[in-house]
Amino acid sequence: EALLEESLRVYDAVATASEAPQRVLVFGRSIGTAPALHLASQRDLCALILEAPFTSVTDVIAAWDRDLGGPVGRVIRLKPEKRLSEMHPQPEDLIAGIGLPLLIVHGSEDTIIPTALGRRMFEAAPDGNKTWVEAGGVGHNDLSLTHPQVERALREFAEANLR
């Protein structure tokens, strides 16, 4: 909750100091996609970029739990922290109501936040100005903004939405 509230405080400070607050674009990565979505649901942004977004804490933990497999998976069961799993709205709930230009970037080999969860977020977003980029051959922590697919998408997205 503190992280979500802090995202609003930071935005308000940036918008107040900006000569063009209507041109603020927000970028959220991984767990940072939750506060980015919260911010987009509460403030007037020009666009939103999400890298490796997740649908809900419960979905991420379930994916990790499935990945344990073998003998370890028979003994250990992962469960999300109750306060996090019961927080509402979850990211997937928020994205459905955000009609901003949207770019979602995800590595094809992401095992921290499975690519399928990022794809679900993309599909849950309203139709319109949204772009999906799946960067081939990279995972969660080696996806670089200079990856050729990502760099090109970022440039095109910014040119189209930061006028």
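The residue numbers shown here count from 1 along each chain, following its written sequence. Where totals are concerned, whole chains, interfaces and linings use all residues; where local detail is concerned, this predicted model gives features only for residues with pLDDT of at least 70, and gives and counts side-chain atom pairs only at 80 or more. Note that water and hydrogens are dropped before the side-chain values are worked out from all heavy atoms of the structure.

*Asks:* Help me understand the side chain of Ser7 in this model?
*Replies:* Helix and strand definitions here come from DSSP, where helices need a minimum of 4 consecutive H or I residues and strands a minimum of 2 consecutive E residues; each element is numbered from the N-terminal end. Along the chain, the position of Ser7 falls in helix 1 (residues 2–17). Setting aside residues up to four positions removed in sequence, Ser7 forms contacts with Pro35, His38 and Leu39. Every residue pair with non-hydrogen atoms within 4.5 Å of one another is taken to be in contact.

*Asks:* So what exactly am I meant to see when it comes to the packing of aromatic side chains here?
*Replies:* Stacked, edge-to-face and tilted labels apply to pairs of Phe, Tyr and Trp rings (six-membered ring for Trp) whose centres lie within 6.5 Å, assigned for plane angles under 30 degrees, over 60, and everything in between, in that order. According to the stated counting rule, one finds one aromatic pair in the structure shown. Ring centres of Phe122 and Trp132 lie 6.0 Å apart, and the angle between their planes is 55°; on these two criteria the pair is classed as tilted. One end of the pair, Phe122, is in helix 7 (residues 115–124); the other, Trp132, is in strand 4 (residues 130–135), and ten residues separate them in sequence. Each residue is assigned to one of three classes by its accessible area relative to the maximum for its type, calculated with a 1.4 Å probe on protein chains only: buried under 20%, partly exposed between the two thresholds, exposed over 50%. For Phe122, a relative accessible area of 13% gives the class buried. Its relative accessible area of 16% is what places Trp132 among the buried residues.

*Asks:* Would you mind showing me how to read the side chain of Glu51 here?
*Replies:* The topology assignment puts Glu51 in strand 2 (residues 47–51). Residue classification places Glu51 among the buried positions, given a relative accessible area of 4%. Contacts of Glu51, omitting those with residues within four sequence positions, involve Phe27, Gly28, Arg29, Ser30, Thr33, Val105, Leu143 and Leu145.

*Asks:* Help me understand the pattern of salt bridges in this model?
*Replies:* Note that side chains of opposite charge can pair when their charged atoms are close. Criterion for a salt bridge: a side-chain nitrogen of Lys or Arg within 4 Å of a carboxyl oxygen of Asp or Glu. Within the structure shown, the criterion is met by six salt bridges. Among the ionic pairs, Lys130 bridges to Asp127, the shortest N-O distance being 3.7 Å. On the basis of relative accessible area, Asp127 is assigned to the exposed category, the value being 74%.

*Asks:* Sorry if this is basic, but what is going on with the sheet that holds strand 2 here?
*Replies:* In any sheet, the strands associate via hydrogen bonds between backbone groups, in a parallel or an antiparallel arrangement. Spatially, 1-2-3-4 is the arrangement adopted by the four strands of the open sheet, whose pairing is parallel. Pairing within the sheet leaves two strands with one partner each, and these edge strands are strand 1 (25–29) and strand 4. Within the sheet, the average angular offset between the axes of one strand and its neighbour, ignoring direction, is 10°. By definition, two strands form a pair when at least two bridges between them are found by DSSP. Across five bridges, the pairing between strand 1 and strand 2 is parallel. Looking at the pairing, Gly28 lines up with Leu50 of strand 2. Against the sheet, helix 7 touches strand 3 (102–107) and strand 4, its axis set at about 170° to strand 4. To obtain an axis, a line is fitted to C-alpha atoms, over the contacting stretch when the element is a helix, and the angle between two such axes runs from 0 to 180 degrees between their N-to-C directions.

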